[in-house]
Amino acid sequence: MVELKHLRTLQALRNTGSLAAAAVRLHQTQSALSHQFSDLEQRLGFRLFVRKSQPLRFTPQGEILLQLAEQVLPQIQQALQACHKPLQATLRIAIECHSCIQWLTPALDKFRQSWPQVAMDFKSGVTFDPQPALQQGELDVVLTSDILPRSGLHYTPMFDFEVRLVMAPDHTLAQLKQILPEDLAQEVLMIYPVQRQRLDIWRHFLQPAGVSPALKSVDNTLLLIQMVSARMGIGALPHWVVESFEKQGLIVTKTLGEGLWSRLYAAARDDEQRKPVLEAFTRFARQHACEHLPFVRDAAQPGAILQR
């Protein structure tokens, strides 16, 4: 019988001191507000305030309902504010791209500013398989270049990046104008400790040509680059990983064939990819990458290479 609008009206009447001022605050006409009170009082069977009293006086019944308004309305406001906050307290993230963390960390600062309530927990992509963990609800989002068909996962495109061949400046391959798969047949290819089928250079460059160089596992990006610089082997890494080292003259990079490009995705479960917190994380990460990483292509505009 008593609605929220009635409680708000009582509160406005108390705060303004007159029916005319309350009508202005509530963006109503005085006659409409007076009619609302008369209708409510008729249904309740008692008066709420004394008409034409100076200062305005509430009846005992009106005071009781006013106390109710003072208690209920702030609680409703707090509840509505809570509804707009993320229900998810922790965002569990795994990164299959070993070198992503070095550009992702600055992007997370902007995410934290907009979502300070959300804590982030990173899981390693080396010691376990992240995508099955995502399917089983152990993770919330995985940054990956691999798409599992019929997995129940949704893959949001982030950006495309070039995988380049990395070698010492005085390596014989550095003199070639174009790198072909057979040029790597006798080389030692430094790779991260993952199955070779997950490596873009293996799946899309070497394997189709039937070329199988020796592989050496290195679990640290900096160590891998140092070993390449010391001519202990070659590597294949995203351009943003090696750009600063190439500028220092420690290594050089070459395009593989006509260009070996890979796409990074943010994977989430099909029924959760539109959660505001996941959409915000993906948006901040993509925006930062496209604004700061060299030689990447926005997945929304794959034809344009963004050079920094």
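Structure's up top.
To keep things clear, this report deals only with the structure shown in the data block. (Residues numbered from 1 in each chain as written. Predicted model: local features only at pLDDT ≥ 70, side-chain atom pairs only at ≥ 80, totals over all residues. Heavy atoms only, no water.)

Quick look at the packing of aromatic side chains
Moving on, step 1. Within this structure, the stated rule accounts for eight aromatic pairs.
Moving on, step 2. On the numbers, 6.3 Å between centres and 10 degrees between planes, the contact of Phe111 with Trp115 is stacked. Trp115 matches Phe111 in its accessibility class, with the two residues each being buried.
Moving on, step 3. Here the aromatic rings of Phe161 and Trp240 are separated by 5.2 Å at their centres, their planes lie at 70 degrees, and the arrangement is edge-to-face. With a gap of 79 residues between them, Phe161 in strand β6 (residues 153–167) and Trp240 in helix α9 (residues 239–247) connect regions that are remote in the sequence.
Moving on, step 4. Following the ring pairs from residue to residue traces out a cluster consisting of Phe111, Trp115, Phe281 and Phe284. (Phe/Tyr/Trp six-rings, centres within 6.5 Å; stacked < 30°, edge-to-face > 60°. Buried < 20%, exposed > 50% of the residue type's maximum accessible area, 1.4 Å probe, protein only. Helix = DSSP H or I, 4+ residues; strand = E, 2+ residues; numbered from the N terminus.)

Digging into helix α10 (residues 276–292)
Moving on, step 1. The end-to-end C-alpha distance of α10, which contains 17 residues, comes to 24 Å, matching closely the 24 Å that a straight helix rising 1.5 Å per residue would cover.
Moving on, step 2. For α10, the full list of buried residues reads Val277, Leu278, Ala280, Phe281, Thr282, Phe284, Ala285, His288, Ala289 and Cys290. (Expected span 1.5 Å × (residues − 1).)

Some words on the pattern of salt bridges
Moving on, step 1. Applying the stated rule across the entire model yields 17 salt bridges.
Moving on, step 2. One salt bridge connects Glu63 with Arg14, and the closest N-O pair in it is separated by 3.1 Å. With a gap of 49 residues between them, Glu63 in helix α4 (residues 60–83) and Arg14 in helix α1 (residues 4–16) connect regions that are remote in the sequence.
Moving on, step 3. On the basis of relative accessible area, Glu63 is assigned to the partly exposed category, the value being 28%.
Moving on, step 4. Judged by its relative accessible area of 36%, Arg14 falls in the partly exposed class.
Moving on, step 5. For Arg269, the salt bridge goes to Asp140, with nearest N and O atoms at 3.7 Å. Placement of Arg269 in strand β10 (residues 252–269) and of Asp140 in the loop between α6 (130–135) and β5 (141–144) is noted, with a sequence separation of 129 residues between them. (Salt bridge = Lys/Arg side-chain N within 4 Å of Asp/Glu carboxyl O.)

Brief notes about the environment of Tyr192
Moving on, step 1. Looking at the element boundaries, Tyr192 is found in the loop between β7 (188–191) and α7 (200–206).
Moving on, step 2. On the basis of relative accessible area, Tyr192 is assigned to the buried category, the value being 10%.
Moving on, step 3. C-alpha separation for the pair Tyr192 and Pro74, spaced 118 residues apart in sequence, amounts to 55 Å.
Moving on, step 4. Side chain to side chain, Tyr192 and Thr221 meet in a polar contact 2.5 Å long. (Polar contact = N/O pair within 3.5 Å; in protein donor to acceptor, adjacent residues only side chain to side chain.)

Quick word on the packing of helix α8 (residues 221–229) against α9
Two quantities define a packed helix pair, namely the angle between the axes and the distance from one axis to the other.
Moving on, step 1. In contact at an axis separation of 12 Å, α8 and α9 are set at 50 degrees when each is read in the N-to-C sense. The angle between the axes of α8 and α9 places the two elements in the oblique class. At the point where α8 passes α9, the crossing takes the right-handed sense. Listed contacts from α9 to Thr221, Leu222 and Ile225 of α8 are Val241, Val242 and Phe245.
Moving on, step 2. Tallied by class, residues from the contact of α8 with α9 come to five nonpolar, one polar and no charged. (Axes fitted to C-alpha atoms, helices over the stretch in contact; angles between N-to-C directions. Parallel < 35°, antiparallel > 145°, perpendicular 65-115°, else oblique. Left-handed = near helix turned anticlockwise from the far one by under 90°. Contact = heavy atoms within 4.5 Å. Nonpolar A, V, L, I, M, F, W, Y, C, P; charged D, E, K, R; others polar.)

Coordinates in, geometry out; function isn't part of it.
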